[in-house]
Amino acid sequence: MRSITVLRIGHRIDRDQRISTHVALTARAFGANLVIFTGDEDSKLLNSINKVVEKWGGVFKSYYSHSWREVINSAKSRGDYVVHLTMYGINLPDVLEEIKENFKQKDLLLVIGGAKVPSEVYSLADINVAITNQPHSEVAALAVFLRELLGNSIYNLSFPNAKIFIQPSKFCKKIKRA
Ligand code: SAM
């Protein structure tokens, strides 16, 4: 399968610890391979994501870049397809087939914002996509987008080398350790 990188613009060390962690957890659980943060460099954030990967498995990576422009431009020069999630975009159902067609041939860079998204991002992206034209959250937008793109395969992803697994249960918490 093609790879999916999430670029999260504008992390703020004093305000975004929790939501940026949730961006990474959601990206990982829903089938992305990598998250790149720009904004404030935050080793605590990257460490906490690495700890989750160590415990719950998989090969998900996270790192910091000083420049969102550089991340987008290098993705474009590799021929990746750049999708920017924004409430100002075209609603996902109207462009989902087009995105799926591109994803058959190209890796995906999925750009999500933080507090303020520079206007250049809108023109650098191959497509600006809305998950409704109402304001909500980068975590919600990311989750809905990945579910729509990858379908029910998100429920069967494999996370090799996990130290801990959930045994799904209707009635209680069941955990198995490797
Ligand atoms: N006001 C900011 C701006 O300059 O666009 C957006 C802030 S919003 C809390 C953070 C991010 O959530 C956005 O940059 C976008 O990626 C995502 N987001 C929020 N609502 C969305 C929607 N309806 N559709 C797609 N993405 C959305």
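Below you will find a few notes about this structure. From a predicted model like this one, the values you see are computed outputs, not experimental measurements. (Residues numbered from 1 in each chain as written. Predicted model: local features only at pLDDT ≥ 70, side-chain atom pairs only at ≥ 80, totals over all residues. Heavy atoms only, no water.)

### Quick notes on the packing of aromatic side chains
And step 1. Applying the stated criterion across every chain, the model contains one aromatic pair.
And step 2. Residue placement shows Arg69 over the ring face of Trp68; its charged tip is 4.8 Å from the ring centre. (Phe/Tyr/Trp six-rings, centres within 6.5 Å; stacked < 30°, edge-to-face > 60°. Lys NZ or Arg CZ within 6 Å of the ring centre and 35° of its normal.)

### Here's the deal with the site of the ligand
And step 1. Around the ligand, a shell composed of 19 residues is seen, among which Leu85, Gly113, Ile131, Thr132 and Gln134 lie nearest.
And step 2. The contact in question runs from a nitrogen atom of the ligand to an N or O atom on the backbone of Ile131, over 3.0 Å.
And step 3. With respect to the pocket detection grid, the ligand is positioned in the largest pocket.
And step 4. Contributions of two or more residues to the shell around the ligand are made by β4 (81-91), β6 (127-130) and α6 (138-150).
And step 5. Looking at side-chain class alone, the shell around the ligand contains ten nonpolar, seven polar and two charged residues. (Near = heavy atom within 4 Å. Polar contact = N/O pair within 3.5 Å; in protein donor to acceptor, adjacent residues only side chain to side chain. 1 Å grid on protein atoms, 1.4 Å probe; cavity = no way out; pocket = protein on both sides within 12 Å on 5 of 7 lines; lining within 4 Å. Sits in = over half its atoms within 2 Å of the grid points. Helix = DSSP H or I, 4+ residues; strand = E, 2+ residues; numbered from the N terminus. Nonpolar A, V, L, I, M, F, W, Y, C, P; charged D, E, K, R; others polar.)

### Regarding the sheet that holds strand β1 (residues 4-11)
And step 1. Read from one edge of the open sheet, six strands run β3-β2-β1-β5-β4-β6, paired in parallel fashion. Whereas interior strands pair on both sides, the edge strands pair on one side only; in this sheet they are β3 (61-64) and β6. Each strand axis lies, on average, 30° off the axis of its neighbour in the sheet, ignoring direction.
And step 2. Two strands pair when backbone bridges link them, and strand β2 (residues 34-39) and β3 are joined in this way by four bridges, in the parallel orientation. Residue pairing across strands places Leu34 opposite Lys61, the latter belonging to β3.
And step 3. Across the sheet, helix α1 (residues 17-29) lies against β1, β2 and β5 (108-112), angled at about 175° from β1, the strand it touches most.
And step 4. Across the face of the sheet, helix α4 (residues 92-105) comes into contact with β1, β4, β5 and β6 while running at roughly 180° to β4. (Pairing = 2+ DSSP bridges. Axes fitted to C-alpha atoms, helices over the stretch in contact; angles between N-to-C directions. Contact = heavy atoms within 4.5 Å.)

On their own, these measurements won't tell you what the molecule is for.
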